[in-house]
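The primary structure of each chain is shown beneath.
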Amino acid sequence: MRKKSKTELWIAFGAVALVYIAVFILERTVNSSHILFTVLKKGAIYSLVAVSMNLLNGFTGLFSLGQAGFMLIGAYTYAIFTMPVEIKITDQVYKYYECAVNFDTGIFVALICAGLAAAVFAALIGLPVLRLKSDYLAIATLGFAEIIRAIFQWDSLGPVTNGANVMRQYKDLTDVRIPFTDIPFPSTLYVFLATGVCVALIVLLINSSYGRAFKAIRDDEIAAEAMGINLFKHKQMSFVISSFFAGVSGALLAMYQFTVQAAQFKSAMTYEILLIVVIGGIGSISGSGIASFLYVAASEWWLRGLDMGRFLGIDSASVFRSGFRRFVFSIIIMLIVLFFSRGLMGDREISFRGIAGLFRPRPKMPGAAKGGGSDA
Amino acid sequence: MPENVLRLQDVTMQFGGVVAVNNLSLEVNRGEIVALIGPNGAGKTTAFNCVTGVYEPTNGLVSFNGETIVANHPRGKMKKLYAGENAKAYLGVKTFDPTPDQITRLGIARTFQNIRLWKSMTVFDNVLTAKHMRAKHNVLTATLRISHREEKRMREETAALLEEQNLLRYADDLAVSLPYGLQRRLEIARALATDPTLLLLDEPAAGMNPQETQELGEFIVQIKNKYDLTVFMIEHHMDLVMKFSERIYVIDFGKLISHGTPAVVQADPRVINAYLGVS
């Protein structure tokens, strides 16, 4: 019933604008080879795919593990679409195959097509897979993701996918231009803009009538069906939309990495994303965002020293050697799961009402105080 | 339009060797409150589930406003067993096996024996979500807020419905935080939000004390008149059934054993036997 006030909405817009300005200023002032930008870019890309997974797992209650497969489709579609024809006809990339694709498109078109390709594939496998429930759905989607990876490495598809070889020399983040000019677009800002638009669309969807129908399916399928919600149609919708954004994030990952290879999109990648969703809180968009930045920062930056022989100013080549980071990382994750069993955010969202509530004196009644607001 | 809103014809539901509903035929007329009673395990909820599309009946027809909505042919060997001499009536009848949401779309809404509210949602959202089915929007217009007028209309209707049910002050509370009696009432409100013409209530008074039961009975009559409904309910509370329903069907072991006005049913020795055992 409670509708968000106009001021709250403006505060939210202001906060988002501040983030963008901060990113813009950082890119102007800090050396572009700083690890911070790796974390920001990869964190933003992971937050998009984590949010898309959350739409499916957290809001529709479909436990799907196919995210890496859809990212792969997105990444490859993007790479194939944007690689200039001049490179396709030479043997710079397609060394062992004659490239069968004789066109190339702009970045924006390719990003959309990457999402659409993943969405079309999701619609196809959704027909059989979405009849399954819980764990069986997870196993089936995981299986399909592995099948996708195998197909993209298949020799017979070589003229399109370049077999198991690396795809490169497509348009990456350094090729983005400010529209109608030749000035390079700040790359971190570009990733933030692209993921921001996608996440905003997902948030709008979740807060719409369809989002409520998804939540109804998650809470009680039988009641949802009895209230006239077509289960298959809505599950399919959620699956396809989630895959669309996974495809877009796969394309952004390809842009960020400069090269892309099917072998990279293993089920371990899905687990990474699942981990982010669980740490952030199943059913919390802002949780997924925060968790993905924390996860990427920890694994790429803060804990790096554990592998390199020097951590927190302590030099110890015998303890801090390769692999120790994974060990510490696992312990941190276990601690998070133990002490925040519902993730950092639970199913709440960051809201300014909630943040303001933290500074107000707590009501005396036990259990009445809530950390965050009910919606963002 | 035909007089009977709901009509079951030889509905049989078999689970393996158990015949939960056996050749059940009944009619519910427009504007009536009809009760379906019977001892525990008699097959009342199964009969409901056959109507609402949760189960596909082994055999039989269900029609709503004169149109067949659920139909199943007696197949092969079962033909003789279940359809008996009526087998001929099924020749040329198409099979209908609708899903529950299709049934709800036709205007049959239901509540559940064990309350099935959406736990993580507020009272307001529970009712609002039930309006999703009838809303004129698609996923694109809803996401991009092109259909925000539709959303506004849904919200206003929901607020009006909650106001009528005296639930508006709980609008922002989680549905599961309501006291039990109000949860039942909310479930009925949610069913009303789907704009039904026939309301199926599965044990609406379960777990209520006599005072609450009395209030519930009055509430049912009140919404029936207000929304021009036909009510078909399963109930164990005899005071509610006898006082508020116009006709009663009694089933035992899936079979219809008696039907008629409350007075007739009360006096029927077969009903007394079914409830108390043969003396």
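Look up: the structure comes first, before these words.
All values reported here derive from a predicted model rather than from experimental measurement. (Residues numbered from 1 in each chain as written. Chains lettered and ligands numbered in written order. Predicted model: local features only at pLDDT ≥ 70, side-chain atom pairs only at ≥ 80, totals over all residues. Heavy atoms only, no water.)

> Let's hear about the nonpolar core: which residues, and what values?
Counting 105 residues, the largest nonpolar core has Tyr78, Met167, Met255 and Phe265 of chain A as the members making the most contacts within it. The residues touching Phe265 of chain A, leaving out its near neighbours within four places in the chain, are Ala68, Met71, Leu72, Ala75, Arg149, Leu253 and Val260 of chain A. Core analysis: the next-biggest nonpolar cluster, separate from the first, contains 60 residues, Ala130, Leu201, Leu229 and Ala274 of chain B among them. (Core = buried A, V, L, I, M, F, W, Y, C linked by side-chain atoms within 4.5 Å. Buried < 20%, exposed > 50% of the residue type's maximum accessible area, 1.4 Å probe, protein only. Contact = heavy atoms within 4.5 Å.)

> Tell me about the pairing of strand S5 (residues 67-72) of chain B, residues and numbers included.
All names here are of chain B. By the bridge criterion, five bridges tie strand S4 (residues 59-64) to S5 in an arrangement that is antiparallel. Opposite Ser63, over in S5, you have Thr68 as the bridge partner. As consecutive antiparallel partners, S4 and S5 are separated by two residues, and within that stretch Asn65 has a phi angle of approximately 50°, a positive value. (Pairing = 2+ DSSP bridges. Helix = DSSP H or I, 4+ residues; strand = E, 2+ residues; numbered from the N terminus.)

> Let's hear about empty space enclosed by the protein: which residues, and what values?
Applying the stated criterion to the full structure yields two cavities of 30 Å³ or more. Approximately 40 Å³ is the volume attributed to the largest cavity. For the largest cavity, the full set of lining residues is Ala226 of chain A together with Thr52, Pro100, Ile103, Thr104, Ile108, Ala109 and Arg110 of chain B. Listed by contribution, the elements that provide at least two residues to the lining of the largest cavity are helix H3 (100-106) and strand S6 (108-110) of chain B. For the lining of the largest cavity, the per-class residue count stands at five nonpolar, two polar and one charged. When its volume is computed, the second largest cavity comes out at roughly 30 Å³. Forming the boundary of the second largest cavity are Thr111, Arg184, Glu187, Ile188 and Pro204 of chain B. Residue composition of the lining of the second largest cavity, grouped by class: two nonpolar, one polar and two charged. (1 Å grid on protein atoms, 1.4 Å probe; cavity = no way out; pocket = protein on both sides within 12 Å on 5 of 7 lines; lining within 4 Å. Points joined across faces, edges and corners; volume = space filled by probe spheres on them. Nonpolar A, V, L, I, M, F, W, Y, C, P; charged D, E, K, R; others polar.)

> Please provide a residue-by-residue account of the sheet that holds strand S7 (residues 198-202) of chain B, values included.
All names here are of chain B. Spatial strand order, S6-S7-S8-S3-S9-S10: six strands in an open sheet with mixed pairing. On the outer flanks of this sheet lie S6 and strand S10 (255-260), each paired with one strand and no other. Strand-to-strand, the axes of this sheet are offset by a mean angle of 20°, without reference to chain direction. Here S6 runs beside S7; their pairing, made up of three bridges, is parallel. Residue pairing in the sheet places Ile108 in a bridge with Leu198 of S7. Of the strands in this sheet, S6 and S7 touch helix H7 (residues 180-192), which is tilted by about 155° from S7. (Axes fitted to C-alpha atoms, helices over the stretch in contact; angles between N-to-C directions.)

> I'd like a rundown of the packing of aromatic side chains, residues and numbers included.
The full count for this structure, using the stated rule, is twelve aromatic pairs over all chains. For the ring pair Phe70 of chain A and Phe239 of chain A, a centre distance of 5.7 Å and an interplane angle of 85° mean the geometry is edge-to-face. In this pair, Phe70 of chain A is assigned in helix H3 (residues 67-82) and Phe239 of chain A in helix H11 (residues 231-257), connecting sequence segments 169 residues apart. Summarising the burial analysis for this pair, Phe70 of chain A and Phe239 of chain A share the class buried. Here Tyr295 of chain A and Phe329 of chain A contribute two aromatic rings whose centre-to-centre distance is 5.2 Å and whose plane-to-plane angle is 70°, an arrangement assigned as edge-to-face. Highlighted residues: Tyr295 of chain A in helix H13 (residues 285-302) and Phe329 of chain A in helix H15 (residues 324-339), separated in sequence by 34 residues. For the pair Tyr295 of chain A and Phe329 of chain A, a shared accessibility class is recorded, and that class is buried. Sitting over the ring of Phe112 of chain B, Arg116 of chain B keeps its end group 5.6 Å from the ring centre. Taking the ring centre of Phe219 of chain B as reference, the NZ or CZ of Arg185 of chain B above it sits at 4.5 Å. (Phe/Tyr/Trp six-rings, centres within 6.5 Å; stacked < 30°, edge-to-face > 60°. Lys NZ or Arg CZ within 6 Å of the ring centre and 35° of its normal.)

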